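# Geometric and topological summary
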Amino acid sequence: MQMPVNSVFINQYPPETDQFSHHPQMTKEINQNGGAKPYRPNRPQCFSNVTDRIPARLVLYFLSWSGFLVSFMMRNDINFALVAMVRSPTTSTILNGNHTTETIKQEELGEFDWSSTVTSVILGSFYWCYVLSQVVGGVATQYFGTKNVFGWSQFATALCSLCIPFASSFHYGALIALRLVQGFASGLTWPAMYAIVVYWIPPIERSRFMSSFQGFSIGIGLTYPLCGFIISHWGWRAVFYTTGTIGMTWCVMWYFLAFDTPSLHPRITASELEYIELNIDKEIKDGRGMTVPWKEIFKSLPAWAIGITTFGRIWVHYTFIMYGPMYMKDILKFSIQENGLLSGTPFLCSYISSVLFCWIADYLMTKELMTLTNIRKMFTAMSQVVPGVLCLFIGFFDFNTVPVLVIWFLAVTLITASYAGAMASIVDIAPNLAGPVLAFCQTIHMTASFLSPVVAGFILTDKTALDQWQTVFGSTAVIAISTYIIFQIYGTAEIQHWNYPKTKTTDEEASKMLPAVSTPTGTTGTPDTED
């Protein structure tokens, strides 16, 4: 029976008893001290008193939140840096024609004369291997655990960020190669983090914990204004040195604080460990290390529904992420620092909204006001249908800055409702296989992350033409709304039959399966045996 929760991760734990056979050291301490007391490894008492007040699940929330924040800083820094790295056609014309350049700031001139095709390839190359590494991440996590997979992927991404300035000066091909490596490494992170949720977070807390994944919104929101400030003062190269250094620092913190399961955590208290163990389904514990039923996952309509519908959400999201700074510069005519602030602020707001959406979802579930399936569908519609409709309006406000920004902010904010919707359904339908199922769904929906810039790059032959931007936002709206229909039909929050490990046949079940045999007194299901 699940316990009620008063806040995100600080719970009214169940009364402590002597039922700690799953943890020998804890049992020993409880017996020696005459009752259930928090388990503490050998460490200074003052340190114990401080750290025991912080739930291990709260630390995991912070690591997840900050991990995705840092990951998306290293992923998206180049989206904004390219505005300063590459000469725009207007700038090139002025320079070649020897006209005045008084209205063009030095940081906006650009260093590289790369074509729009090369720029689109640089933006999209990250996601080529990102898509391919999703399944690898799911399988790797089953064998090596979240701590290793997530930690080393972040380290590789940070190392590449530090090398990008040198690669860019050498040749754009070298830059593309580094982005390919970053994409492959970053693709491992999502399946890894999803896999750890089912062992640490009871079902009643999962929607709220999913808001930690929205650290990526903070990452994007901080990256753009930070890039604008850094480029204005120290140039675009300093952007990658900054994000790479932040990434390396985070890896050190992850190494010392992250643990794959509660039983491996050296600081967790007895009460918190018992609370987690009592509220995690036995099937999930039995499913650790189970073989992934890929055939069943591929045949699962709910899994396909999640992948297809979130394809539409990703398409909308990456239209704003990748082409937002360009729209701000070429249509709304903002300076580099204004561009960074206005491009990033909606993503900062979206984190706050994600926490609110996830809290509402848990509240509706706890109070049984709606079925979990309907909760997931409602928030999925909010994250795709509404932003899709809003996209239609953006391109038709001409150069009216205020209405465009209001709609822009609202659309980006609502996108995060998906983490109380379809994205949370991944853990709902297969808690034992959250990593592999996420890998399957991500392989489908993250294709939008490189198809979106390719399509937009094909449409935007002239980035100052408003009618071309209308086509970009119109196609985005159609894709977002149409893909949601699949989830409305096939989406569910019910656990699928292939989630459970195959159990050994019991003696009673085996006896029922044996053929009947004739005996002098009649027919029985088992043959006579001698004593």
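Keep in mind that what you see is a predicted model, and the values were worked out from it rather than measured. (Residues numbered from 1 in each chain as written. Predicted model: local features only at pLDDT ≥ 70, side-chain atom pairs only at ≥ 80, totals over all residues. Heavy atoms only, no water.)

## Considering the overall build of the chain
- A count of helical and extended segments in the chain gives 22 helices and two strands.
- Across the chain, contacts joining residues at least 24 apart in sequence account for 83% of those joining residues at least 6 apart.
- Split by element, the accessible area of the chain, about 22900 Å² in all, is 64% carbon and sulfur. (Helix = DSSP H or I, 4+ residues; strand = E, 2+ residues; numbered from the N terminus. Contact = heavy atoms within 4.5 Å. Areas by Shrake-Rupley, 256 points an atom, 1.4 Å probe, with all protein chains shown as cover.)

## Describing the nonpolar core
- Counting 144 residues, the largest nonpolar core has Met85, Trp190, Tyr194, Phe213, Phe320 and Tyr327 as the members making the most contacts within it.
- Here this core gets 18 residues from one element, more than from any other, and that element is helix 3 (residues 56–85).
- Beyond its immediate stretch of four places on either side in the chain, Phe213 contacts Ser64, Phe68, Trp190, Met193, Tyr194, Val197 and Tyr419. (Core = buried A, V, L, I, M, F, W, Y, C linked by side-chain atoms within 4.5 Å. Buried < 20%, exposed > 50% of the residue type's maximum accessible area, 1.4 Å probe, protein only.)

## Notes on the side chain of Ser452
- With respect to the element layout, Ser452 can be found in helix 20 (residues 447–459).
- Judged by relative accessible area, which is 3%, Ser452 ranks as buried.
- Contact partners of Ser452, with chain neighbours within four places excluded, come to Trp315, Tyr318 and Thr319.

## Considerations on the confidence of the model for the chain
- Per-chain confidence: the chain averages 78 in pLDDT, with 78% of residues scoring 70 or above.
- At the low end of the mean pLDDT range in the chain sits helix 1 (residues 24–32), at 42; at the high end sits helix 10 (residues 237–257), at 94.
- Note on residues 1–44: pLDDT under 50 across the span, and 84 contacts to partners over four residues away in sequence or across chains.
- This stretch, residues 91–104, has a pLDDT under 50; its non-local contacts, to residues over four places away or in other chains, come to 12 contacts. (pLDDT = per-residue confidence, 0-100.)

## Quick look at unusual backbone geometry
- Residues other than glycine seldom take positive phi values, yet Lys333 does so here, at roughly 60°.
- Of note in the backbone geometry, Glu368 takes a positive phi value of approximately 55° without being a glycine.
- The topology assignment puts Glu368 in the loop between helix 15 (336–366) and helix 16 (372–394).

## Section: helix 5 (residues 116–170)
- In this model helix 5 runs just 19 Å from its N-terminal to its C-terminal C-alpha over 55 residues, more than 12% under the 81 Å that 1.5 Å per residue would give.
- At Gly145, helix 5 shows its maximal kink, close to 120°. (Expected span 1.5 Å × (residues − 1). Bend = angle between axes of the 7 residues up to and from the residue.)

## Some remarks on the packing of helix 3 against helix 5
- Viewed as axis vectors pointing N to C, helix 3 and helix 5 meet at an angle of 165°, and their least axial separation amounts to 8 Å. Considering their axes alone, helix 3 and helix 5 lie roughly antiparallel with respect to each other. As helix 3 runs across helix 5, the sense of the crossing is left-handed. Mapping the contact onto sequence places Gly67, Phe68, Val70, Ser71, Met74, Arg75, Asn76, Asp77, Ile78, Asn79, Leu82 and Met85 in helix 3 and Thr119, Ile122, Leu123, Phe126, Tyr127, Tyr130, Phe150, Gln154, Thr157, Ala158, Ser161 and Ser168 in helix 5.
- The residue inventory of the contact of helix 3 with helix 5, partitioned by class, reads 13 nonpolar, nine polar and two charged. (Axes fitted to C-alpha atoms, helices over the stretch in contact; angles between N-to-C directions. Parallel < 35°, antiparallel > 145°, perpendicular 65-115°, else oblique. Left-handed = near helix turned anticlockwise from the far one by under 90°. Nonpolar A, V, L, I, M, F, W, Y, C, P; charged D, E, K, R; others polar.)

## Describing the pattern of salt bridges
- Evaluation of the coordinates by the stated rule reveals five salt bridges.
- Residue Glu205 pairs with Arg57 through a salt bridge whose shortest N-O separation is 3.1 Å. With a gap of 148 residues between them, Glu205 in the loop between helix 7 (189–200) and helix 8 (206–210) and Arg57 in helix 3 connect regions that are remote in the sequence. Here Glu205 and Arg57 have matching classes, each one buried.
- Residues Glu111 and Arg237 are paired through a salt bridge, measuring 3.1 Å at the closest nitrogen-oxygen approach. Within this pair, whereas Glu111 is found in the loop between helix 4 (89–96) and helix 5, its partner Arg237 is found in helix 10, the two being separated by 126 residues in sequence.
- Overall, the relative accessible area of 35% leaves Glu111 in the partly exposed class.
- Residues joined by salt bridges that share partners form a network here, namely Arg57, Glu205 and Glu272. (Salt bridge = Lys/Arg side-chain N within 4 Å of Asp/Glu carboxyl O.)

## Here we look at the packing of helix 5 against helix 6 (residues 172–187)
- One way to put it is that helix 5 packs onto helix 6 with a least axis distance of 7 Å and a crossing angle of 160°. One way to sum up the angle between helix 5 and helix 6 is to call them roughly antiparallel. As helix 5 packs across helix 6, the resulting crossing turns out to be left-handed.
- Per-class residue counts for the contact of helix 5 with helix 6 are 23 nonpolar, 11 polar and one charged.

## Focus: the packing of aromatic side chains
- One pass over the structure, following the stated rule, counts 41 aromatic pairs.
- With centroids separated by 5.5 Å and ring planes inclined at 85°, the aromatic side chains of Tyr327 and Phe473 adopt a geometry described as edge-to-face. Within this pair, whereas Tyr327 is found in helix 14 (residues 301–330), its partner Phe473 is found in helix 21 (residues 466–490), the two being separated by 146 residues in sequence.
- Of note, Lys147 hangs over the ring of Phe259, and the distance from its end group to the ring centre comes to 4.7 Å. (Phe/Tyr/Trp six-rings, centres within 6.5 Å; stacked < 30°, edge-to-face > 60°. Lys NZ or Arg CZ within 6 Å of the ring centre and 35° of its normal.)

## A closer look at helix 18 (residues 422–429)
- Counted residue by residue, helix 18 has eight buried out of eight residues, so it is predominantly covered.
- Turning to helix 18, its buried residues are Ala422, Met423, Ala424, Ser425, Ile426, Val427, Asp428 and Ile429.
- Of the surrounding secondary structure, the elements contacted by the buried residues of helix 18 are helix 7, helix 8, helix 14, helix 16, helix 19 (434–445) and helix 21.

## Re the environment of Gly235
- Its place among the elements puts Gly235 in the loop between helix 9 (215–234) and helix 10.
- Through-space distance from the C-alpha of Gly235 to that of Ala81 is 9.2 Å; in sequence the pair is 154 residues apart.

## Quick notes on the state of the cysteines
- Inspection of the entire model under this criterion finds zero disulfides.
- Distance from the sulfur of Cys163, which forms no disulfide, to the nearest cysteine sulfur (Cys160) is 6.5 Å.
- Judged by its relative accessible area of 32%, Cys163 is partly exposed. (Disulfide = S-S within 2.5 Å.)

## Some details on the environment of Gly388
- By the element assignment, Gly388 lies in helix 16.
- Each C-alpha atom, one on Gly388 and one on Ala411, is 7.9 Å from the other, the two residues being 23 residues apart in sequence.
- Setting aside residues up to four positions removed in sequence, Gly388 forms contacts with Ala477, Ala480 and Ile481.

## Section: the environment of Pro302
- Considering the arrangement of structural elements, one finds Pro302 in helix 14.
- Taking C-alpha positions, Pro302 is 8.9 Å from Ser425, a pair spaced 123 residues apart along the chain.
- Filtering out sequence-adjacent residues up to four positions away, Pro302 remains in contact with Ile429, Tyr490, Thr492 and Gln496.

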